[in-house]
Amino acid sequence: MSILSKLSILDKTKSRNKIPVTVLSGYLGAGKTTIMNHVLNNREGLKVAVIVNDLSEVNIDADLIQGGGGLSRTDEKLVEMSNGCICCTLREDLLREVEKLAMENRFDYILIESTGISEPVPVAQTFTYLDEEQGIDLSRYCTLDCMVTVVDAYSFWHDYSSGESLLERSQAASEDDARSVVDLLIDQIEFCDVLILNKCDLVEEEDLAELEGVLRALQPRAKLIRAARGRVNPKDILHTSLFNFDEASRSAGWIKEMEAPHHTPETEEYGIASFVYERAKPFHPGRLMAWMEHWPEEVVRAKGIVWLATRNRMAQSLSQAGPSIQFGPAGLWAAELPEAEKLALLAEEKELADKWDEQYGDRINKLVFIGITMNRAELTGSLDDCLLSDQELASDWSLLMDEFPTVLEM
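Cut-offs and rules
Residues numbered from 1 in each chain as written. Predicted model: local features only at pLDDT ≥ 70, side-chain atom pairs only at ≥ 80, totals over all residues. Heavy atoms only, no water. Pairing = 2+ DSSP bridges. Helix = DSSP H or I, 4+ residues; strand = E, 2+ residues; numbered from the N terminus. Axes fitted to C-alpha atoms, helices over the stretch in contact; angles between N-to-C directions. Contact = heavy atoms within 4.5 Å. Buried < 20%, exposed > 50% of the residue type's maximum accessible area, 1.4 Å probe, protein only. Right-handed = clockwise from strand over helix to strand, strands pointing away. Phe/Tyr/Trp six-rings, centres within 6.5 Å; stacked < 30°, edge-to-face > 60°. pLDDT = per-residue confidence, 0-100. Core = buried A, V, L, I, M, F, W, Y, C linked by side-chain atoms within 4.5 Å. Parallel < 35°, antiparallel > 145°, perpendicular 65-115°, else oblique. Left-handed = near helix turned anticlockwise from the far one by under 90°. Nonpolar A, V, L, I, M, F, W, Y, C, P; charged D, E, K, R; others polar. Expected span 1.5 Å × (residues − 1).

(A) Quick look at the sheet that holds strand E11 (residues 324–332). Strand order across the open sheet formed by five strands is E8-E12-E9-E10-E11, with antiparallel pairing between neighbours. Bordering the open sheet on either side are strand E8 (272–279) and E11, each of which pairs with just one other strand. Within this sheet the neighbouring strands show an average axis-to-axis angle of 10°, counted without direction. As paired strands, E8 and strand E12 (residues 365–372) are joined by eight bridges and run antiparallel to one another. Each bridged residue has a counterpart across the sheet, and for Arg279 the counterpart in E12 is Asn365. Lying on the sheet, helix H11 (residues 285–293) is in contact with strand E9 (299–306), strand E10 (314–321), E11 and E12; it crosses E11 at an angle near 150°.

(B) Focus on the pairing of strand E6 (residues 194–198). For E6, the buried fraction is high: five of the five residues fall into the buried class. Of the two faces of E6, the one carrying Val194, Ile196 and Asn198 and the one carrying Leu195 and Leu197 are both buried. With four bridges joining them, E6 and strand E7 (residues 223–226) adopt parallel strand pairing. Following the sheet pairing, Leu195 is matched in E7 by Leu224. Taken together, E6, helix H8 (residues 205–218) and E7 constitute a β-α-β crossover, and its handedness is right-handed.

(C) Quick look at the packing of aromatic side chains. Under the defined criterion, the tally for this structure stands at 16 aromatic pairs. Here the aromatic rings of Trp157 and Tyr160 are separated by 5.3 Å at their centres, their planes lie at 80°, and the arrangement is edge-to-face. Taken as a pair, Trp157 and Tyr160 lie in helix H6 (residues 156–161) at a separation of three residues, close to a single helical turn. You can call Tyr160 buried: its relative accessible area is 6%. Taken together, a centroid distance of 6.2 Å and an interplanar angle of 65° make the contact between Trp307 and Trp397 edge-to-face.

(D) Representation of the confidence of the model for the protein within the structure. Overall, the predicted model of the protein reaches an average pLDDT of 86, with 86% of residues at or above 70. Note on residues 1–15: pLDDT under 50 across the span, and 16 contacts to partners over four residues away in sequence or across chains.

(E) Just the nonpolar core, in detail. If you look at the biggest cluster of nonpolar residues, it comprises 37 residues, and the most contacted ones within it are Val151, Phe156, Leu166, Ile189, Leu195, Leu197 and Leu215. For this core, the elements supplying multiple residues, two or more each, are H6, helix H7 (181–190), E6, H8, helix H10 (253–259), E8 and E12. If we skip the residues at most four places from it in the chain, Ile189 touches Thr149, Val151, Phe156, Leu195, Leu215, Leu218 and Gln219. Core analysis: the next-biggest nonpolar cluster, separate from the first, contains 31 residues, Ile19, Val98, Leu144 and Phe191 among them.

(F) Just unusual backbone geometry, in detail. Its identity as a non-glycine residue notwithstanding, Ser170 has a phi of 60°, on the positive side. Relative to the elements of secondary structure, Ser170 occurs in the loop between H6 and H7. Overall, Ser170 belongs to the exposed group, its relative accessible area being 70%. One non-glycine residue, Lys199, lies in positive phi territory at about 65°. Inspection of the secondary structure assignment puts Lys199 in the loop between E6 and H8.

(G) View of the packing of helix H4 (residues 91–104) against helix H5 (residues 120–128). Viewed as axis vectors pointing N to C, H4 and H5 meet at an angle of 40°, and their least axial separation amounts to 11 Å. Viewed along their axes, H4 and H5 adopt a mutual orientation that is oblique. Along this stretch, H4 crosses H5, giving a crossing that reads as right-handed. Counting all contacts with H4, which are made through Arg91, Leu94, Leu95 and Val98, the residues of H5 involved are Pro122, Val123, Gln125, Thr126 and Phe127. Looking at the contact of H4 with H5 residue by residue, the class counts come to six nonpolar, two polar and one charged.

(H) A look at the side chain of Ser319. By the element assignment, Ser319 lies in strand E10. By relative accessible area, which is 12% here, Ser319 ends up buried. What Ser319 contacts, discounting residues up to four positions off in sequence, is Arg301, Ala302, Lys303, Ser324, Ile325 and Gln326.

(I) Representation of H8 within the structure. Compared with an ideal rise of 1.5 Å per residue, which puts 14 residues at 20 Å, H8 spans 20 Å between its outermost C-alpha atoms and is within 8% of the ideal. For H8, every residue scored as buried is listed here: Leu208, Ala209, Leu211, Glu212, Val214, Leu215 and Leu218.

(J) Focus on the environment of Phe127. By the secondary structure assignment, Phe127 is in helix H5. Classification of Phe127 as buried rests on a relative accessible area of 3%. When the C-alpha atoms of Phe127 and Ser139 are compared, they prove to be 5.7 Å apart, with 12 residues separating the residues in sequence.

Here is the structure:
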């Protein structure tokens, strides 16, 4: 096909209403294919194109949908994308396949089932931004309608607390894939418009209510739906107009908590609560590491910025989910910027200027904790014990014991 012919088809497609797209994410075994089949069998006449992504060479999920989804061979289409993941290795293939479907100009909707190890953010970006290398801009003729994450109510806590990596489970995208199972679970939960808690029939009501409370704390923006055997109302995930990239990117519970000007504790049903720990004093690296080595089991999720005395030029990032704890440089403190840049930043950001300390600038410890039956006073006290004492503040901080991994300071 010539470039002119292709542009002509694209212009015709553009003149029509953009094709809405729903993406299903969720860890392996959560029930995405069952939900997909249920929706396809109850789609009320929509002409649907389905893209199924599977990491293995043989796309088993596609076979299941072909057999159980009731797709019309003449009106609809099933695209199999195997042996890779659409959030990374098959992203270019996804761009081209969606473009081709749009150019066919005969579908009312596109449904995508991503592989169980796919991260939702890169998939969403595929539909939001121009890919300059491929010269494809899917936003011209598609609109991302809804990002759905499916959570396995029966296996969630087992996977969350396993401490295993995807590589250890033989589920990694490549030999270089160092992600842990729990980090993937959290990534999928914290970026979505709809959370489907599936397999609810396999869990006792009290346990289910507690898990639902935890999910609401982790992801307060998303619509949460309980499901059994993948049965959901198609209207809950089709034609929702729920997706907004900026809102989805800032929808995680820890972000909401971090950005709230004043935290008002909510009713702690099932003991689920969150709070922000904020102190304008640096941590002693030795005491903080000792604290982290005995991480409180009641903390489900923690995220934020750390001021470490021995690394005074750079803010440190702390991110925890279950047994996975990540700690490392997050960038220079604003106080370390060249004078001209610093003054420009302070003039631009009033909130930063209001909190500026004459001696330490913007340096601060600010951490969000989400957990079950947390003793806030005890947690806060134990973290306060990790801060530098007044005597240590007046000493040479570079002499303090620091066993955190060595990184190059900027």
